[in-house]
Amino acid sequence: RAKKATTLLPPSALRGQENDYYVYLIQHDWGGFMSSASMKIVKPPVTVLEKSDKAVSISEDLSYHQLADREDRALTDGQTVMEYVQ
């Protein structure tokens, strides 16, 4: 067993630069009575363990989170987004 947990991500999901890496995650706000559900972007920092052309290994556990990756325009922390399904 590994001594540290790792999460493997596609390289396109990793943002930032040396010692200041982050990813964009989608946070669901299910709303309440008489309000609609929405999705927004959150920008948590991540610790990169290893990088290659095919995968990036980070120490944070992103289980049950949805990555915002390969977007068609620039994203910012807290921005409301919608899912595009082909």
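Provided above is the structure to which this section pertains.
Residues numbered from 1 in each chain as written. Predicted model: local features only at pLDDT ≥ 70, side-chain atom pairs only at ≥ 80, totals over all residues. Heavy atoms only, no water.

> I would appreciate a short explanation of the overall build of the chain in the present structure.
In terms of helices and strands, the chain carries 0 helices and 9 strands. Ordering the α and β elements of the chain from the N terminus gives β-β-β-β-β-β-β-β-β. Projected onto its principal axes, the C-alpha coordinates of the chain cover approximately 45 × 30 × 25 Å. Across the 86 residues of the chain, 24% fall into the buried class. Of the contacts formed within the chain by residues at least 6 apart in sequence, a portion of 58% connects residues at least 24 apart. Charged side chains in the chain number 10 positive and 12 negative. The centres of these two groups are separated by 5 Å. (Helix = DSSP H or I, 4+ residues; strand = E, 2+ residues; numbered from the N terminus. Buried < 20%, exposed > 50% of the residue type's maximum accessible area, 1.4 Å probe, protein only. Contact = heavy atoms within 4.5 Å. Lys, Arg positive; Asp, Glu negative; His and termini not counted. Charge placed at Lys NZ, Arg CZ, Asp CG, Glu CD.)

> What am I meant to see in the sheet that holds strand 7 (residues 56-58) here?
The pairing of strands in a sheet happens through backbone hydrogen bonds and is either parallel or antiparallel. Across the sheet, which stays open at both edges, the 3 strands sit in the order 1-7-6 with antiparallel pairing between neighbours. Two strands bound the open sheet, and with one partner strand each, they are strand 1 (7-9) and strand 6 (48-51). Ignoring which end each strand starts from, the neighbouring axes of this sheet average 25° apart. Across 3 bridges, the pairing between strand 6 and strand 7 is antiparallel. From the neighbouring strand, E50 faces strand 7, where its bridge partner is S57. (Pairing = 2+ DSSP bridges. Axes fitted to C-alpha atoms, helices over the stretch in contact; angles between N-to-C directions.)

> Which parts of the structure should I look at to understand the sheet that holds strand 8 (residues 66-67)?
Ordered in space as 8-4-5-9, the 4 strands form an open sheet in which the pairing is antiparallel. Looking at which strands have only one partner, the edges of the open sheet turn out to be strand 8 and strand 9 (80-81). Summarising the sheet, strand 4 (residues 25-29) and strand 5 (residues 38-42) pair through 5 bridges and their orientation is antiparallel. Note that in strand 5 the partner of I26 across the bridge is I41.

> Can you help me understand unusual backbone geometry in this one?
One can expect most non-glycine residues to show negative phi and most peptide bonds to be in trans. At N19, a residue that is not glycine, the phi angle is positive and equals roughly 65°. If you trace the backbone, N19 turns up in the loop between strand 2 (15-17) and strand 3 (20-22). Residue N19 is classed as exposed on the basis of its relative accessible area of 76%. You will see that R70, though not glycine, has its phi angle at about 60°, which is positive. Classification of R70 as exposed rests on a relative accessible area of 70%.

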